[in-house]
Amino acid sequence: MDKKVMLTGLQPTGVITLGNYVGAIKQMVINQDKYNSVIFIADMHSITVPQDPKELHENIRSLVALYIACGIDPKKNTIFIQSENEYIANISWLLECNTYYGELSRMTQFKDKSLKHKNFTSGLLTYPVLMAADILAMDTNVVPVGIDQKQHVELTRDIAIRFNKKYGETFVIPDVMISDSGTKIMNLVEPTKKMSKSSNNPKSVIRLLDDEKTI
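Rules of the game
- Residues numbered from 1 in each chain as written.
- Predicted model: local features only at pLDDT ≥ 70, side-chain atom pairs only at ≥ 80, totals over all residues.
- Heavy atoms only, no water.
- Helix = DSSP H or I, 4+ residues; strand = E, 2+ residues; numbered from the N terminus.
- Rg over C-alpha atoms; globule rule 2.2 N^0.38 Å.
- Contact = heavy atoms within 4.5 Å.
- Areas by Shrake-Rupley, 256 points an atom, 1.4 Å probe, with all protein chains shown as cover.
- Lys, Arg positive; Asp, Glu negative; His and termini not counted.
- Charge placed at Lys NZ, Arg CZ, Asp CG, Glu CD.
- Buried < 20%, exposed > 50% of the residue type's maximum accessible area, 1.4 Å probe, protein only.
- Phe/Tyr/Trp six-rings, centres within 6.5 Å; stacked < 30°, edge-to-face > 60°.
- Pairing = 2+ DSSP bridges.
- Axes fitted to C-alpha atoms, helices over the stretch in contact; angles between N-to-C directions.
- Parallel < 35°, antiparallel > 145°, perpendicular 65-115°, else oblique.
- Nonpolar A, V, L, I, M, F, W, Y, C, P; charged D, E, K, R; others polar.
- Salt bridge = Lys/Arg side-chain N within 4 Å of Asp/Glu carboxyl O.
- Core = buried A, V, L, I, M, F, W, Y, C linked by side-chain atoms within 4.5 Å.

1. Describing the overall build of the protein chain
- Regarding its fold elements, the protein chain presents eight helices and five strands.
- Starting at the N terminus, the α and β elements of the protein chain follow one another as β-α-β-α-α-β-α-α-α-α-β-α-β.
- In terms of overall size, the protein chain behaves like a compact globule, its C-alpha atoms giving a radius of gyration of 17 Å where 215 residues would be expected to give roughly 17 Å.
- By its C-alpha atoms, the protein chain is 60 × 45 × 35 Å across when sized along the principal axes.
- Relative to all contacts within the protein chain whose residues are 6 or more apart in sequence, the contacts with residues 24 or more apart total 73%.
- With the model as given, the accessible surface of the protein chain reaches about 12200 Å², and the carbon-plus-sulfur share is 53%.
- For the protein chain, the distance from the average position of its 25 positive side-chain charges to the average position of its 24 negative side-chain charges is 5 Å.

2. Considerations on the environment of Val-145
- Within the secondary structure, Val-145 sits in the loop between strand S4 (142-144) and helix H8 (150-167).
- In this structure Val-145 comes out as buried when scored by relative accessible area, which is 10%.
- In this structure the C-alpha to C-alpha distance between Val-145 and Val-176, which are 31 residues apart in sequence, comes to 7.0 Å.
- Beyond its immediate stretch of four places on either side in the chain, Val-145 contacts Lys-150, Val-153, Val-176, Met-177 and Ile-178.

3. Some words on the packing of aromatic side chains
- Under the definition given, this model contains three aromatic pairs.
- Here the aromatic rings of Phe-40 and Phe-80 are separated by 5.8 Å at their centres, their planes lie at 25 degrees, and the arrangement is stacked. Within this pair, whereas Phe-40 is found in strand S2 (residues 36-41), its partner Phe-80 is found in strand S3 (residues 77-81), the two being separated by 40 residues in sequence. Neither Phe-40 nor Phe-80 differs from the other in exposure class; each is buried.

4. A short note on the pairing of S2
- For S2, the tally of buried residues reaches five of six residues, placing the bulk of the element in the interior.
- As defined by bridge partners, strand S1 (residues 5-10) adjoins S2 across six bridges and the pair is classed as parallel. Looking across to S2, one finds that Leu-10 is bridged to Ile-41.
- With five bridges joining them, S2 and S3 adopt parallel strand pairing.

5. Here we look at the packing of helix H7 (residues 122-137) against H8
- Contact geometry of H7 with H8 gives a least axis separation of 9 Å together with a crossing angle of 70 degrees. The pairing of H7 with H8 is recorded here as roughly perpendicular in orientation. On H8, the residues touching Tyr-127, Pro-128, Met-131, Ala-132, Ile-135 and Leu-136 of H7 are His-152, Val-153, Leu-155, Thr-156, Ile-159 and Ala-160.
- Here the contact of H7 with H8 is built from residues that sort into ten nonpolar, two polar and no charged.

6. A short note on the pattern of salt bridges
- Taken as a whole, this structure holds five salt bridges when the rule is applied.
- A salt bridge links Asp-33 to Lys-76; the nearest nitrogen and oxygen atoms lie 2.9 Å apart. Placement of Asp-33 in the loop between helix H1 (18-31) and S2 and of Lys-76 in the loop between helix H3 (53-69) and S3 is noted, with a sequence separation of 43 residues between them.
- Its relative accessible area of 45% is what places Asp-33 among the partly exposed residues.
- For Lys-76, a relative accessible area of 37% corresponds to the partly exposed category.

7. Digging into the nonpolar core
- Counting 29 residues, the largest nonpolar core has Leu-95, Ile-135, Val-153 and Phe-171 as its most contacted members.
- At the level of elements, S1, S2, helix H4 (86-96), H7 and H8 are the ones that each hand at least two residues to this core.
- Every residue in contact with Leu-95, bar those within four places of it in the chain, is listed here: Val-129, Ala-132, Ala-133, Leu-136, Ile-159, Phe-163 and Phe-171.
- Ranked by size, the runner-up nonpolar core spans twelve residues in total, among them Ile-16, Ile-41, Ile-60 and Ile-72.

8. Quick notes on the side chain of Arg-162
- Within the fold, Arg-162 resides in helix H8.
- Those residues in contact with Arg-162 that lie beyond four places of it in its chain are Asn-98, Thr-99, Tyr-100 and Glu-103.

9. Some points on unusual backbone geometry
- Positive phi is not limited to glycine here, since Asp-139 has a value of about 50 degrees.
- Secondary-structure assignment places Asp-139 in the loop between H7 and S4.
- Here Asp-139 falls in the partly exposed class, since its relative accessible area comes to 42%.

So, to be careful, I would describe these as geometric facts and stop short of saying anything about function.
See below:
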């Protein structure tokens with residue numbers, strides 16, 4: 001019997017934190033023998049807000065290196081850069097044409113991030129559809145996510161079911177995987193917020209590449 005497909009993506013912005021390791025990478029290492037594990041660097045997702053192109057390129061390379069250093073075995077995982085898979089953007093457009101504005105505007109992360117950026121792009125609104133394309137393009141069975149991303153996987157399920165009913169059985173309907181612990185490691189300065197690798201305050205996070213004194 002073929003293994004089920006597990007898909008994980010991580011944006012190449014900032015430096016990986018303890019939260020990323022406990023909530024995502026550690027789970028990937030634990031499950032890489034159990035599933036047909038697919039890992040992608042979500043560079044297209046990262047440009048929903050402005051990025052420095054040179055820094056983004058360097059972050060992609062360092063992120064893959066850190067994945068491997070943390071125990072991700074390249075022989076047991078399919079690893080790729082999101083923008084190099086042209087099918088994802090094409091599928092995303094098909095899914096956008098089968099997704100309603102009301103669904104996207106109700107996404108919690110869109111509400112939060114749109115308040116932080118005075119002039120936000122339409123990509124901030126539609127990126128859950130791109131996430132759905134990431135998942136559905138790989139015939140994904142299981143998506144390990146933190147609690148804050150659960151809503152997006154549920155939207156993916158809704159879009160896939162709608163598409164399948166309209167056009168015939170096309171996409172696998174994915175399930176959410178949420179670990180028993182570490183799904184949401186909190187900011188050390190503002191404990192009501194999640195620890196973020198893009199944080200500008202070094203005191204709010206513990207980064208994997210911090211030295212002992214900094215930690």
